[in-house]
Amino acid sequence: MEIRWLQAFVAVAEELHFGRAAQRLQMAQSPLSQTVRKLEKDIGVPLFERNTRSVALTAGGHAFLPHAYHILESVETARQATRASAGGVYGRIKIGFTGVLNHLSLPPLTRALRQRYPDIELTLVGRIMTRDAVAQLESGALDLAFVGLPVQSAGVSTRLIRREPFGAVLPVDHPLAGETAIDLRQLADDGFITTPISAGSSLQEVTMRACLDAGFRPRVVQEITDPYMILLLVSTGVGVALMTSGMAPIAPPGTVFVPLAGEPVYMLHGLGWSPKRVSPALDVALRLAEEILPTPIET
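Residues numbered from 1 in each chain as written. Predicted model: local features only at pLDDT ≥ 70, side-chain atom pairs only at ≥ 80, totals over all residues. Heavy atoms only, no water.

Peer 1: Got a sec to walk through the UniProt feature "domain: HTH lysR-type" (unreviewed entry) in the chain? Specific residues and values, please.
Peer 2: Per the UniProt entry, the sites bearing "domain: HTH lysR-type" (unreviewed entry) are residues 1–58 in this numbering. Summarising residues 1–58: 60% helix, 10% strand, and an end-to-end C-alpha distance of 19 Å. (UniProt positions renumbered as here; feature names shortened; annotations may be inferred. Helix = DSSP H or I, 4+ residues; strand = E, 2+ residues; numbered from the N terminus.)

Peer 1: Break down unusual backbone geometry for me, citing the residues and quoting the values.
Peer 2: Following Leu149, the chain continues into Pro150 via a peptide bond in cis, with omega recorded as 5°. Assignment of secondary structure puts Pro150 in the loop between strand S5 (144–148) and strand S6 (157–171). One non-glycine residue, Leu16, lies in the positive phi region at around 50°. Counting through the fold element by element, Leu16 comes out in the loop between helix H1 (3–15) and helix H2 (18–24).

Peer 1: Explain the pairing of strand S8 (residues 219–223) residue by residue, including any values.
Peer 2: The pairing of strand S7 (residues 191–194) with S8 spans four bridges and is parallel. For Ile193, the partnering residue across the bridge sits in S8 and is Gln222. At this point the chain moves from S7, through helix H7 (residues 202–213), to the parallel S8, and the crossover so formed is right-handed. (Pairing = 2+ DSSP bridges. Right-handed = clockwise from strand over helix to strand, strands pointing away.)

Peer 1: Describe the packing of helix H5 (residues 106–116) against helix H9 (residues 280–292), and please don't skip the residues or the numbers.
Peer 2: To describe two helices that pack against each other, one gives the angle between their axes and the distance between the axes. Orientation of H5 relative to H9, taken along the N-to-C sense of each, is 125°, at an axis distance of 10 Å. As far as their axial angle goes, H9 and H5 are oblique. For the element pair H5 and H9, the recorded crossing hand is right-handed. Contacts between H5 and H9 pair Pro108, Leu109, Ala112, Leu113 and Arg116 from the former with Ala285, Leu288, Ala289, Glu291 and Ile292 from the latter. Grouping the constituent residues of the contact of H5 with H9 by class yields eight nonpolar, no polar and two charged. (Axes fitted to C-alpha atoms, helices over the stretch in contact; angles between N-to-C directions. Parallel < 35°, antiparallel > 145°, perpendicular 65-115°, else oblique. Left-handed = near helix turned anticlockwise from the far one by under 90°. Contact = heavy atoms within 4.5 Å. Nonpolar A, V, L, I, M, F, W, Y, C, P; charged D, E, K, R; others polar.)

Peer 1: Summarise the packing of aromatic side chains; cite the residues concerned and give the values.
Peer 2: All chains considered together, the criterion is met by four aromatic pairs. Residues Phe18 and Phe48 carry aromatic rings whose centres are separated by 6.1 Å and whose planes lie at 70° to one another, so their mutual orientation is edge-to-face. Residue Phe18 is found in helix H2, and its partner Phe48 is found in strand S1 (residues 48–50); the two are separated by 30 residues along the sequence. Each member of the pair, Phe18 as well as Phe48, is classed as buried. Measuring from ring centre to ring centre gives 6.2 Å for Phe192 and Phe216, while their planes differ by 40°; the resulting arrangement is tilted. Placement of the pair is Phe192 in strand S7 and Phe216 in the loop between H7 and S8, with a sequence separation of 24 residues. (Phe/Tyr/Trp six-rings, centres within 6.5 Å; stacked < 30°, edge-to-face > 60°. Buried < 20%, exposed > 50% of the residue type's maximum accessible area, 1.4 Å probe, protein only.)

Peer 1: Break down the side chain of Thr255 for me, with residues and values.
Peer 2: Considering the arrangement of structural elements, one finds Thr255 in strand S10 (residues 255–259). Relative accessible area serves as the criterion here: at 12%, Thr255 is assigned to the buried category. Here Pro252 takes part through its backbone oxygen, which lies 2.7 Å from a polar atom of the side chain of Thr255. Excluding anything up to four places from it in sequence, Thr255 contacts Val169, Leu170, Val172, Leu231, Val234 and Ser235. (Polar contact = N/O pair within 3.5 Å; in protein donor to acceptor, adjacent residues only side chain to side chain.)

Right, here's the structure in full:
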C-alpha cells in the first residue's frame with residue numbers, strides 16, 4: 001500500500017466523482033482509476049460502487065475512510081515534526097471570526113502570522129458567533145476564535161484583546177442624529193436591528209443588557225447575523241442599532257454614529273482557544289497575538 005493510493009482514495013471518497021477527483025489531484029482520470037483499483041486489490045474488497053451515472057462508497061469504503069484520514073494525518077504530522085526539528089514552525093490553524101466586527105483585530109494578527117511564520121497554513125472561517133465559536137473550539141473544529149467576553153466554558157481559555165465603547169447608529173434623518181451624545185433611554189420608542197437572539201451573539205447580548213439597564217426592553221424590528229448588514233439596514237431607515245465605536249469609520253452613507261452619554265457600555269473582544277489542543281503552530285500564534293493584540297490596561 002502506497003501513500004498516493006490513499007490520497008487517491010480520499011479524493012474520490014470526498015468528491016464521489018472520478019473526474020473531479022482527478023482534477024483536484026492534477027492527474028488524468030484513467031491513472032486515478034487504476035490507482036484506486038490497485039488499492040482495492042491490495043485490501044481485497046471493493047471500496048466504491050461505480051456505474052455510468054454515479055460513484056458511491058461501499059460498506060468497506062465507509063469503514064476504511066477514517067483509517068485513511070488517520071494515516072495521512074500521521075504522515076503530515078511526521079513531516080511537520082521533521083521540519084520543526086530544523087528550526088521552522090509548520091502546521092495549520094483554523095481561525096473563526098464574526099465578520100466586520102473584528103476588522104480592527106483580525107487583519108493585524110493574520111498579516112503578522114503570514115509574515116513571521118509563512119509555513120503555517122491559515123484558514124479563516126467567517127460569520128462565527130461567540131456561542132458557535134466556543135462549541136467549535138471545544139470540538140476541535142476551530143483552533144482559535146475571536147469571541148465576545150465573558151465566555152462560559154471550562155474547556156476554552158480566553159484573553160481580552162480589546163475594549164470598545166458602544167454607541168448608537170442612527171439614520172441621518174433621525175431626530176437625534178445631530179447630537180454629540182445621547183442617553184440610551186432616548187431610543188426607548190425606536191425599533192432596533194440586532195443579531196438574532198438564537199445566534200448566541202455577544203453583540204446582541206450587550207445590546208439587550210444595555211437597554212434593560214437603561215429601563216426599557218428594546219423593540220426588535222429586524223434580526224440579521226451580519227453586523228455590517230445591520231448598518232446597511234439602519235441606512236435604509238428600518239431602525240436603529242447599538243454598535244461598537246470601531247465600526248464608526250466604516251459605517252455606510254446614510255448613517256450617523258452617536259456616542260452614548262453616561263456610564264460607558266463596553267464590548268469586550270477576546271481570543272479563545274482550547275488549552276487541550278495547543279499545537280506548536282497555535283502556540284506561536286498565541287504568543288504573537290500577545291505582542292500584536294496586547295490586553296488593554298484598565299483606566
